[in-house]
Every structure is written in C-alpha cells, then in structure tokens.
Amino acid sequence: MEVRIERSVFFNSVQRVQGVVETKGAMPILSHVLISAETGQIQVQSTNLEIGILGNYPANVETPGAVCLNAKKLFDILRELPDQEVHLKTEENHWATLKCGKSKFRLPGLAPEEFPPLPEYDQEALIEFTGKLLKEMINKTQFAVSPDETRQALNSLLLEENNGQACMVGTDGHRLAMVKRTLGEPKDGEGEAQSFLLPRKAITELLKLMEDEDISFKFSVRGNHLAFIHGNHVIVARKIDGKFPNFRQVIPKENDLQVHFKKDDLIHALKRVALLADEKSRMVRFEVSEGTLALVSDNSEMGTANEEISANYSGDEIRIGLNAKYVLDVLSAMENEEVTFNLKDSQHSCLITDPKDGDFLSIVMPMRL
Amino acid sequence: MTRTILHIDMDAFFVSVEETLDPSLCGKPVVVGGDPNGRGVVAAASYAARRFGIHSAMPVAAARRLCPDAIFLRGSHRRYSEMSEQIFRIMEQYSPSVEPMSLDEAYLDLTGCELLHGPTLNTAERIRDKIKDTVGINASIGIASNKLIAKIASGYAKPSGMLWIPEGKERRFLAPLPIGSLPGVGPKGGKQLQRMGIRTVNDLTNLPRQLLEDAFQKWGTALYLKARGVCHSEVEGRSDARSISRETTFEEDTLDLEFLESALSYLVEKASAQLREDAWGARCISLKLRYSDFQTVTRSQTLDEATNEDYVIYQTTANLLRCQLNQRRTRIRLIGVALTRLGMPGPVQADLFAALDPRQWDQLYQGIDRIRDKYGFHSILRGRTAIQRDLQIKAKTRDSEK
C-alpha cells in the first residue's frame, strides 16, 4: 500500500475513530486502526467489538492495500506534523513508513486480516434525521442517561418512531428527559411503531462526527446491529439487551402546583447556592411560597447558603429537596427564557416543562429531607 | 511514656440494675435474659445465682433446672443503656478518653492525670465510689499500663475489687493464669491449645513465635504478644464509633450454605440494629470468614450511599459470602460482619421506578426497632435468621435423641 494524503485530512480521520480504540485490552489489535486504500480514497476504522466506526476520505492512492497501526501513536504523530502532504507506505512484515516534510517514522503494524471486520449494516434508512434535529434531540435527553454500564437499558437512549413522529427518552432512574419531534411528512399506512435502544457510547461518538448540521443521518438496523450513516461516516453498534423502563407510567399527571421562573435567574442563583451543597448528594432545598422561590443549602459541613428569586406562584408553601446538578442539566438543555416547575408535594417528582415547547419535559425525583 | 489505663467493669450489670430498681431482689438468685419458659440464654446472673452454677450464655431452661427458685427477668435494653449512659458520664469527668466496650465496661486513659486528680489508685477508688453512690452499682477496676492487662486485672478483681499491675510486673501476673483468661482465647481455641499441652499463660510463653504463627497465623502472633502482656492499642474516644461489627464462632465448623447465610443474617440484624440505634449509616460493608485452618479473609464492598437497612446489608454480605465460597471451599469456623465508613445517612435520592415508596422501608425498620425495644431482640427476626434457630433446635433434638 502506498498513499499520499493531506495531513489535516489524515489527522481528522484518525481523530474521529480514537473514541472507541481500546488502549489496554486483552486484544492488541483493538488498540490499532485499520487503514485500507483503494482507488481515490482511504478508509479508516476502529472497533472495540461493541461499537465500530469507519470513515472514507479522499487520498491519492498509488498502490491499494491495507495496514493496522497503533491508533494512539499514529494520532500523536499526525498531531505534531506540519500541514503538508503525508506519504504512507507499507513494507514487509506489516511495517509502515510515514513521511511528511523532513520527518520520517517507521512503525510496526499488524496484519490487516486480523482486524475484526465491521458487522454488515443496512444502507437503507429506517429513520432519517436532519443533523440539526438529531443533535437537538440528543442534547435534550442525553444528560439524563445513566453512566452505569452495567445497567444496559438505562445506559442508552430510547428512540421511538411512529408515523413520522420521533420520541427520545433518557433516564438514570433518578431523573428523566423526554423530547418528541416530527421528522417529516407522516407516511400513510405505515403506522407501525418501532423502538430502539441507542447505547450511550455510540451517541457520544455520533456527536463527535456531527460537524455539518445539514448532512442527514440515516439510522438502520440489521440483525443484532444498529447503524448510523452520516455522509462518509458509519457507526455500527451492537444492539442492547434489556428493557427500557415504562417511562410513560412515571410522568406525573397530578402535579397541579405550577411555579414559573425566569430560567437564567434560576440558573445563576442555583449555581451559587449549590456551591455549599453536600458534595455527594448535591441537594438544594427549594422553598416555594407566594411570589418567591428560596434556594437553601444548609445540610453540609461547608456552611450555609441561601438566595431568593422571584417566581410566579400563588398557592400553599412547598419545600422540596432536589439535586442541583439534575436541575441545572435540565435548565441548560432548554432554549426558552421561561421554565415551569410542576409540583405536587415534597415527596413526589418535580416535572419541569417549557411553556413554549409542549414536546419536551423532564422529571427530577426529590431527595428525602 | 508509661500509660495508665483503667478497665472498669460493672459487676453483674443487668442484674444490678434490676436490683437498684427493685431492692427486694438484693441477695437473691436473679437471672436476666429471654423468656424463662422459652429458649433464650442467660444475659446476666446475680452472684447468688452463680453459686448454683448459673452463668451467662447458658440456656435459660438449663438455669431453671439448676435453680428452680431463681427469679427470672426479661430485662429491658433501654433501662440498661440509660444506666450505662450515666456511668459513662461519670467516667468522662475523669478523662477525655473513655472507650466503652459494651454497656457495662469501658477503658479509661488516665495517663498524665496524676497532677490533676492525685495518685491513680485514689482516683480509681473515687470513680468506683461515685458510680456506686450515683447509680448504686458495684464496679471492678483493673489498672495497668495497657488495655490487655487492665482488662484481665479487672476480671481478677471481681466482684467490687480493684487490682493494679505496675509496669514491668505484667508477665509475672499473667504467668500462672489459665490460657482461657486471655481475651480472644475462647473455649474452642483453648481446647486446641490444651491439646498442644498448654494450660497456663506461662506454657504459652515457652513456645517460639514461629511455631505459633505456623499453627495459627495471625491469631498465633496475637497469642505470642498477649502471653507477654504486650498491647499497644490506644483508648479511642467514644464520640466517633469507626465501625460496628458482629461475629460468631460456630460450635462446629461448617460449609452448610443455608446455615451460614442464616448466621450471617442474624449478625447483620444485630449490627444494623446497633447502627440505627446510633442513627448512623454505613457505606462500607465487610464480611469476615475464618476457615477451619485459621486462615482469615475479609471481603468488603462500598456502597453508593450510606445505609442502615438490614436487607441491603444482608444482600451485600451474602453476595460476598457466595463469591468467597466459590473461591475456597473449606469448612468455616467463624463468620462476621463489619460496617465501616459510618456517617449520617444523608438525604436520600428517591427512585423514579421504585415499586415501593422508600419511606415505607423507614417505617418498617422503625416498627421493628420499637417492637424489639419492648419485647426483646428475638421477638422479631428476619425469616432467614429464624431458619438458624430452627436448625439449632433440630440439631439439639437430634443430640438428645442420641
């Protein structure tokens, strides 16, 4: 194999697959990227056997072929190189020489045949998103996804599609975020609902690929694998075993006490009061009374903090303990200036809604005071 | 620097408390513990009762056979802990370092207090008199340069006595004592030592350290040091209990999973009841196992949030137990549970998908604790704990059939 490629293009291609490279696994091949060259383009891929990523890039291919190189080392080298053409050539025993300007590197490689092939994926889209819409839906739900990889279902986003309507839900068991959006014209007669679990790790990689919001995302399923196709890039992820909890059941319907705030007022005050919240629980007490919300943090050894902001509310006093981080996550995912808390009492969940967007909601469970 | 450590031990504490509350009991054989018609064990016996051969930890039924005329009382943990609290408060007037070992005994560090309180013997006498005057209970005191000797000395001084072992005389004091008088040498360990021809502490000091360690590992090291009266343990103040632990040595080494789990369940119930009483929660939960060859292993797990719920603690330890049994299948001699990283249970994050309101768990445990307060610990037990009691009864009936 012999190729000439722009350093910036090569660097980008290697950077985009770094996320799934295993640096210290039992299989050395997984710490490598596979570079394969055919007429006019190279393909760069990496995999951790759960998720595989590949990208195609234009290159001047003199001799087609393939090689596996250590992903981290290649990345570090490309980062330091000057912006000139890179010349990559394979030698015997899977060694490769990389030249750029006056620099020359000889790198030991592995046999490309040993690289685990990416599972077959379907080019035909089941669901198609515009980049912008997908990004928005992910941003509005991803923060609620559990980081715990042992709880597979909660470690994923739920994607439901029904007749041109998409619904995305993330939850970690303590909070939940849900957004619904219209994808396009409803197709008559094809009203069968479908739902998928998108692994958190795949979502993270997806967001990294998303540079151009105008290029659409195709989502497809074949056998045990999900695929996202975005321009010249593909992410293939293994399907998640597990059942997403019945989230519709926990969306409160009797939270009639509505409190309206200016979002930015609440964000700033909450950030300040949360500075003295207990480091582990991050609990801040929300004390709502007519016209005001008092935020109080007084259960830690750090000292006490409180701040009042004005709130549009008339009703009985309510006190509820909430994890400040959970609330801030929701607030920063919202675009509207106004935000509404829908409460019942200190023991029941707090439903956070956007008065201008009925298709977004978030639930935060209280902490027992 | 020479330390001055006191070990203060109440004489027949539970019985003495009952006597102060009902002076007509004085001088009579009184037994506290369990239901006299049931199968409880003796928690304490008055000196009059001891003359009939009754001693603590024997089945109440056996005590009844030895002395049918004895007065049997159920006892109330709350009364005892109130009394105990008063006693500890008296001790704290003499030293900031008071380490309670149970309701009725404590270590007191009087190092450097001579200038303040006068000679140690006089101070000890004053403490004893003050306890007697205030709560009406006799205490025995051992005084020595470390906790080990002080404890043995107080046992030697009972009842209502005082014994001072000056520094340097520890070995002479210990030498003639039977090995069973060393703390940590129970009936089983004692028997094993006796098989090696060791009857007194002096016999023990004649054994080289290597031999003891080869035979008993860590316990061997401990024996070697104890026999020489060496103990470096500090008197720890009582405000910050660092751990709560319960353990039990089986009458017979076993590998019966059902039995082990049941014993574990009982220990967990004991430890977590203590935890709730002190209003603590534990984040780190450890399981301790000692195999029949004396190898001891400890396995721990740290939880996300501090807990004091029996169920959570039991599940954690039971998982550790199963993992450990998979690794090594040797009969087990001792099982124990330790709760560490204690802290106030902070605000608890409620769960979106929980089937049950978490407050209901709180109410359940509060209810259990109230029932136990009133009717004794064994009045309500987890099903798994109760299995053990059934197994024990079965074992006993089998024995009697033989």
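Above: the structure in question.
Given the structure is predicted, the values throughout are model-derived calculations rather than measurements. (Residues numbered from 1 in each chain as written. Chains lettered and ligands numbered in written order. Predicted model: local features only at pLDDT ≥ 70, side-chain atom pairs only at ≥ 80, totals over all residues. Heavy atoms only, no water.)

Q: Sorry, what's going on with the overall build of chain A here?
A: Tallying secondary structure elements over chain A gives six helices and 26 strands in all. Burial analysis of chain A (369 residues in total) assigns 53% to the buried set. Of the contacts made within chain A by residues no fewer than 6 positions apart, 65% connect residues no fewer than 24 positions apart. Carbon and sulfur atoms provide 45% of the accessible area of chain A, an area that totals close to 17600 Å². (Helix = DSSP H or I, 4+ residues; strand = E, 2+ residues; numbered from the N terminus. Buried < 20%, exposed > 50% of the residue type's maximum accessible area, 1.4 Å probe, protein only. Contact = heavy atoms within 4.5 Å. Areas by Shrake-Rupley, 256 points an atom, 1.4 Å probe, with all protein chains shown as cover.)

Q: When you look at the environment of Glu2(A) in this model, what are you seeing that I'm missing?
A: Residue and element names in this part refer to chain A. Tracing the backbone through its elements, the reader meets Glu2 in strand 1 (residues 2-6). In this structure the C-alpha to C-alpha distance between Glu2 and His87, which are 85 residues apart in sequence, comes to 7.4 Å. Apart from the residues within four sequence positions on either side, Glu2 is in contact with Asn60, Val61, Glu62, Thr63, His87, Leu88 and Lys89.

Q: Which parts of the structure should I look at to understand the sheet that holds strand 10 (residues 281-291) of chain B?
A: The pairing of strands in a sheet happens through backbone hydrogen bonds and is either parallel or antiparallel. Residue and element names in this part refer to chain B. Across the sheet, which stays open at both edges, the four strands sit in the order 9-12-10-11 with antiparallel pairing between neighbours. Strands at the two margins of the open sheet, each flanked by one partner only, are strand 9 (243-254) and strand 11 (296-307). Put simply, the sheet's adjacent strands are angled 15° from each other on average, direction ignored. In terms of strand pairing, strand 10 meets strand 12 (residues 332-343) through ten bridges, oriented antiparallel. Following the sheet pairing, Ala282 is matched in strand 12 by Leu342. Helix-sheet contacts for helix 12 (residues 257-277) involve strand 9, strand 10, strand 11 and strand 12, and the interaxial angle to strand 9 is about 155°. (Pairing = 2+ DSSP bridges. Axes fitted to C-alpha atoms, helices over the stretch in contact; angles between N-to-C directions.)

Q: I'm lost on the pairing of strand 13 (residues 175-182) of chain A in this one. Help?
A: Consecutive side chains along a regular strand alternate between the two faces of the sheet. All names here are of chain A. With six of eight residues buried, strand 13 lies mostly within the body of the structure. Relative to strand 13, strand 12 (residues 165-171) runs antiparallel, the two sharing seven bridges. Residue pairing across strands places Val169 opposite Met178, the latter belonging to strand 13. The turn joining strand 12 and strand 13, which pair antiparallel and follow one another in sequence, is formed by three residues; a positive phi near 95° is taken by Gly173. Relative to strand 25 (residues 357-364), strand 13 is paired through five bridges, and the arrangement is antiparallel. Bridging across to strand 25, Arg175 finds its partner in Val364.

Q: Sorry if this is basic, but what is going on with the packing of aromatic side chains here?
A: What describes a pair of aromatic rings is the distance from one ring centre to the other and the angle between the planes of the rings. Per the stated rule, a full pass over the model turns up 17 aromatic pairs over all chains. With a centroid separation of 6.4 Å and 25° between ring planes, the pair formed by Trp361(B) and Tyr365(B) is classed as stacked. Of this pair, Trp361(B) and Tyr365(B) both sit in helix 14 (residues 358-375), four residues apart, which is roughly one turn of the helix. Assessed through its relative accessible area of 31%, Trp361(B) is described here as partly exposed. Clustering of aromatic rings is evident, with ring pairs tying together Phe196(A), Phe219(A) and Phe228(A). The ring of Tyr291(B) has Arg328(B) sitting right over it, with the charged end atom 4.3 Å from the ring centre. Against the face of Phe377(B) rests Arg372(B), its NZ or CZ located 4.0 Å from the ring centre. (Phe/Tyr/Trp six-rings, centres within 6.5 Å; stacked < 30°, edge-to-face > 60°. Lys NZ or Arg CZ within 6 Å of the ring centre and 35° of its normal.)

Q: Could you clarify how one ought to interpret helix 9 (residues 187-195) of chain B in this entry?
A: Residue and element names in this part refer to chain B. For helix 9, the set of buried residues is Gly189, Gly190 and Leu193. Seen from one end, helix 9 has its buried residues packed into an arc of 100°, which puts them on one side. Among the exposed residues of helix 9, those pointing more than 90 degrees away from its buried face are Pro187, Lys191 and Arg195. Looking at the buried residues of helix 9, the elements they touch are helix 10 (201-205), helix 11 (209-227) and strand 12. (Arc of directions from axis to C-beta.)

Q: Explain a negative patch on the surface to me, please; I cannot follow it from the model alone.
A: The grouping of Asp148(A), Glu149(A), Asp304(B) and Glu305(B) at the surface amounts to a negative patch. Here Glu149(A) shows up in the loop between helix 3 (131-139) and strand 11 (156-162). Residue class for Glu149(A) comes out exposed when judged on its relative accessible area of 62%. (Patch = residues over 30% accessible without salt bridge, like charges linked within 9 Å, V, L, I, M, F, W, Y side chains within 5 Å. Salt bridge = Lys/Arg side-chain N within 4 Å of Asp/Glu carboxyl O. Lys, Arg positive; Asp, Glu negative; His and termini not counted. Charge placed at Lys NZ, Arg CZ, Asp CG, Glu CD.)

Q: Please clarify how the packing of helix 4 (residues 77-92) of chain B against helix 6 (residues 120-135) of chain B should be interpreted in this entry.
A: Two packed helices can be described by the angle between their axes and the distance between those axes. All names here are of chain B. The interhelical angle for the contact between helix 4 and helix 6, taken along N-to-C directions, is 145°, at an axis separation of 10 Å. The crossing of helix 4 and helix 6 is right-handed. On helix 6, the residues that touch Met83, Gln86, Ile87 and Ile90 of helix 4 are Lys130, Ile131, Thr134 and Val135. Each residue belonging to the contact of helix 4 with helix 6 can be placed in one class, and the counts come to five nonpolar, two polar and one charged. (Left-handed = near helix turned anticlockwise from the far one by under 90°. Nonpolar A, V, L, I, M, F, W, Y, C, P; charged D, E, K, R; others polar.)

Q: Looking at this structure, I do not really get the interface of chain A and chain B. What am I missing?
A: When the parts of a complex come together, some accessible area is lost, and that lost area is often taken as the interface size. Across the contact, 21 residues belong to chain A and 13 residues belong to chain B. Around 1500 Å² of area is buried between chain A and chain B when both sides are counted, 61% of it from carbon and sulfur atoms. Of all residues in chain A, Lys280(A), Met365(A) and Arg368(A) bury the most surface against chain B, accounting for 42% of the area lost on that side. If you look at where chain A meets chain B, you find zero salt bridges. Here chain A is connected to chain B by four residue pairs in polar contact (both at pLDDT 80 or more). Among the secondary structure elements, those contributing two or more residues to the side of chain A that touches chain B are strand 13 and strand 26 (367-368) of chain A. In the sheet, strand 26 of chain A pairs with strand 13 (residues 348-349) of chain B via two bridges, with the strands oriented antiparallel. (Buried area = accessible area lost by both parts, 1.4 Å probe. Polar contact = N/O pair within 3.5 Å; in protein donor to acceptor, adjacent residues only side chain to side chain.)

Q: So what exactly am I meant to see when it comes to the pairing of strand 24 (residues 350-354) of chain A here?
A: Residues and elements named next belong to chain A. The buried count for strand 24 comes to five of five residues, which makes it a mostly enclosed element. Neither face of strand 24 is left uncovered, since the one carrying Cys350, Ile352 and Asp354 and the one carrying Leu351 and Thr353 both have all their residues buried. Hairpin connection from strand 23 (residues 338-343) to strand 24: six residues lie between these consecutive antiparallel strands. Relative to strand 25, strand 24 runs antiparallel, the two being bridged by five bridges. Bridged to Asp354 within strand 25 is Asp357. Taken together, strand 24 and the strand that follows it, strand 25, pair antiparallel across an intervening segment of two residues.

Q: I keep staring at the packing of helix 3 of chain A against helix 4 (residues 200-209) of chain A and nothing clicks. Help me out?
A: Residues and elements named next belong to chain A. Packing of helix 3 against helix 4 leaves a shortest axis separation of 11 Å and a crossing angle of 135°. Taken as axis vectors, helix 3 and helix 4 run oblique relative to one another. In this structure, helix 3 meets helix 4 at a crossing whose hand is left-handed. Contacts between helix 3 and helix 4 involve Leu134, Lys135, Ile138 and Asn139 on the former and, on the latter, Ile203, Leu206 and Leu207. Taken together, the residues of the contact of helix 3 with helix 4 sort by class into five nonpolar, one polar and one charged. (Parallel < 35°, antiparallel > 145°, perpendicular 65-115°, else oblique.)

Such coordinate-based values are descriptive only and should not be taken to indicate function.
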